[in-house]
Amino acid sequence: MCLAIPGKVVETFSNEGMHMARVQFGGVTREACLNYVPETRVGDYVLVHVGFAISRVDEEEARRTFEALAELDQLSELDAPVVEDGRGGAL
Amino acid sequence: MKYLDEYRDGDIAAKLVERIRRVQTKPWVIMEVCGGQTHSIVKNGIDHLLPGGVELVHGPGCPVCVTPLEMIDKAHAIARRSDVIFCSFGDMLRVPGSDGDLFSIKSRGGDVRVVYSPLDCLKIARANPDKQVVFFAIGFETTAPANAMLAWQARQSKVDNVSLLVSHVLVPPAIEAILSSPENRVQGFLGPGHVCAVVGYTEYEPLAARFHVPIVVTGFEPLDILEGVLMVIEQLESGRAEVENQYSRVLARGGNRPAQELIARVFEVSDRKWRGVGTIPGSGFQLRDEFREFDAEHRFSVEAIDTREPAVCISGQILQGIKKPHDCPAFGTECTPQHPLGATMVSAEGACAAYYAYGRHLKDADLITIGDGRR
Ligand code: SF4
């Protein structure tokens, strides 16, 4: 239930004094409240939980983490993999 | 979708598993706290990919599961009233109380509605001024900003036919209870990424130091979980016990300040009973006195209801990482998601339900024919 889904802010507006947005998740667009991430702009990615954006996804950080993991890929490639019990598998 | 598919890359996952295999020299028991992580681990077979010496045990982080039976019965008593529109998140509808579930109340004419967001209750209340709209406000810290905003907006805009039945729980006191138990087996934690996106992780630092356990705040995608496991094991192998943040693309140490401010204005910390576990001091939220008029327990003064759990159920021990679903004789036989007997079978994020959904109740031979559910 604590799942929050990243989506892209496509429009912002205000409603009943609240800072709202339309957020796109793949093919689906839903409204979300932006009061907790007031500095959000159109084009940003936010993490939405039960209709509320609870944080902005830091694109630069997402890229850095991913590249570090991909790098790990290369490093591991160099030393021959040791598979002892045959339990390895694709995810 | 951006930043989603990338974190499911199978080749990188295999390399992470390989790295874990190389770093790990001793057996370790690691708990993922959050039910969403449990679901992702079982769905993707991550526990089966890990080396034999790394055991993942599943924590108490499923709010639907830990909502006490008495509270569910209270919800049902309110939902049965003819003057009430009872609103809830969808995953609460099937949870059985002592006498049926919200679905059965609905089919007998009760006005029970599933909402996407707590704010939907304000719209429903405005459209139905002659009715009382009650929201079942359950959840961990992740959901608290949304539920706090409902109470806040109801008061600000004077929508007084709205109230909240609050059953809010907090993660750090549960971790403390698990680590303080003489039966504890957990040596390291994957911390709950979305809980920490709201409240940050400073509260976890004294826990890591006091119990000497590594806690790595972790995301929910397969690569997040594998990297979280790797970071925990690196700490364990080197004797460190720190709080680290795997999920830096989403959260920083301090969490979300505006959300914390509104939570603090609306809620205060209280003792809470956890289904299967019992009362944990200071482990939940209740509405502050200023919001008491929006408290459904106050408004409808439902009496305490006496409930009893089936004796066979070991969900309390499962929630604390002491046992696994397979250790329960009722798992997959008397107890299934269609007929749940206990806490960890009532929601898809509960460990028993997750094991059941991905065929873990079947014999190995059956598993080969139904496939392994991995990507
Ligand atoms: S299988 Fe059912 S009865 Fe057994 S521990 Fe899990 S929830 Fe309880």
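Residues numbered from 1 in each chain as written. Chains lettered and ligands numbered in written order. Predicted model: local features only at pLDDT ≥ 70, side-chain atom pairs only at ≥ 80, totals over all residues. Heavy atoms only, no water.

> Which residues make up the pattern of salt bridges, and what values do they have?
Tallying each qualifying case throughout the model produces 21 salt bridges over all chains. Residue B:Arg22 is joined to B:Glu18 by a salt bridge in which the shortest nitrogen-to-oxygen separation is 3.3 Å. Residue B:Arg22 and its partner B:Glu18 are both found in helix α1 (residues 10-23); the two are separated by four residues, about one turn of the helix. Judged by relative accessible area, B:Arg22 falls into the partly exposed class, the value being 37%. Sharing partners across several salt bridges, the network here consists of A:Glu39, A:Asp44 and A:Arg56. (Salt bridge = Lys/Arg side-chain N within 4 Å of Asp/Glu carboxyl O. Helix = DSSP H or I, 4+ residues; strand = E, 2+ residues; numbered from the N terminus. Buried < 20%, exposed > 50% of the residue type's maximum accessible area, 1.4 Å probe, protein only.)

> Summarise the sheet that holds strand β10 (residues 267-274) of chain B; cite the residues concerned and give the values.
Residue and element names in this part refer to chain B. Here we have six strands laid out as an open sheet, ordered β4-β3-β5-β6-β11-β10, and mixed in their pairing. Whereas interior strands pair on both sides, the edge strands pair on one side only; in this sheet they are β4 (111-114) and β10. Averaged over all adjacent pairs, the angle separating strand axes in this sheet is 25°, with direction ignored. Across the face of the sheet, helix α5 (residues 69-79) comes into contact with β3 (84-88), β4, β5 (132-139), β6 (162-169) and β10 while running at roughly 170° to β6. Docked against the sheet, helix α8 (residues 144-156) engages β5, β6, β10 and β11 (278-287), running at close to 155° with respect to β6. (Pairing = 2+ DSSP bridges. Axes fitted to C-alpha atoms, helices over the stretch in contact; angles between N-to-C directions. Contact = heavy atoms within 4.5 Å.)

> Break down the packing of α1(B) against helix α12 (residues 222-238) of chain B for me, with residues and values.
All names here are of chain B. Relative orientation of the contacting elements α1 and α12 amounts to 15°, with a least axis distance of 10 Å. Relative to α12, the element α1 is oriented roughly parallel. The hand of the α1/α12 crossing is left-handed. Counting all contacts with α1, which are made through Ile12, Ala13, Leu16, Val17, Arg19, Ile20 and Val23, the residues of α12 involved are Leu223, Leu226, Glu227, Val229, Leu230, Ile233, Glu234 and Glu237. (Parallel < 35°, antiparallel > 145°, perpendicular 65-115°, else oblique. Left-handed = near helix turned anticlockwise from the far one by under 90°.)

> Pulling in residues and values, what's your account of the site of the ligand?
All names here are of chain B. Neighbouring the ligand are the residues Cys313, Ile314, Ser315, Ile318, Cys328, Phe331, Cys335, Leu341, Gly342, Thr344, Met345 and Cys352. A molecule is said to occupy a pocket when more than half its atoms come within 2 Å of that pocket's grid points, and by this definition the ligand occupies the largest cavity. A breakdown of the residues in the shell around the ligand according to their chemical character gives nine nonpolar, three polar and no charged. (Near = heavy atom within 4 Å. 1 Å grid on protein atoms, 1.4 Å probe; cavity = no way out; pocket = protein on both sides within 12 Å on 5 of 7 lines; lining within 4 Å. Sits in = over half its atoms within 2 Å of the grid points. Nonpolar A, V, L, I, M, F, W, Y, C, P; charged D, E, K, R; others polar.)

> Could you give an account of the packing of α8(B) against helix α13 (residues 257-266) of chain B, naming the residues involved and the relevant values?
All names here are of chain B. The geometry of α8 relative to α13 is characterised by a closest axis approach of 9 Å and an angle of 55° between their N-to-C directions. Regarding the angle of α8 to α13, the classification is oblique. Here α8 runs over α13; the crossing is left-handed. Along the contact surface, α8 presents Ala144, Pro145, Ala148, Met149, Ala151 and Trp152, while α13 presents Ala259, Leu262, Ile263, Arg265 and Val266. Looking at the contact of α8 with α13 residue by residue, the class counts come to 10 nonpolar, no polar and one charged.

> Outline the confidence of the model for chain A, supporting the account with residue identities and numerical values.
Residues and elements named next belong to chain A. Per-residue confidence for chain A gives a mean pLDDT of 79, with 76% of residues at or over 70. Confidence scores differ between elements of chain A, with helix α1 (residues 59-78) showing the lowest mean pLDDT of 67 and strand β5 (residues 52-56) the highest of 95. For the stretch residues 73-91, pLDDT sits under 50, and the model shows 34 contacts to residues farther than four places along the chain or on other chains. (pLDDT = per-residue confidence, 0-100.)

> Mind laying out unusual backbone geometry, listing which residues take part and the relevant values?
The phi torsion at A:Glu16 lies on the positive side, around 55°, for a residue other than glycine. Inspection of the secondary structure assignment puts A:Glu16 in the loop between β1 (5-15) and β2 (18-25). Located in the positive-phi region is B:Lys158, a residue other than glycine, with phi close to 55°. Of note, B:Lys158 is situated in the loop between α8 and β6. Judged by its relative accessible area of 70%, B:Lys158 is exposed.

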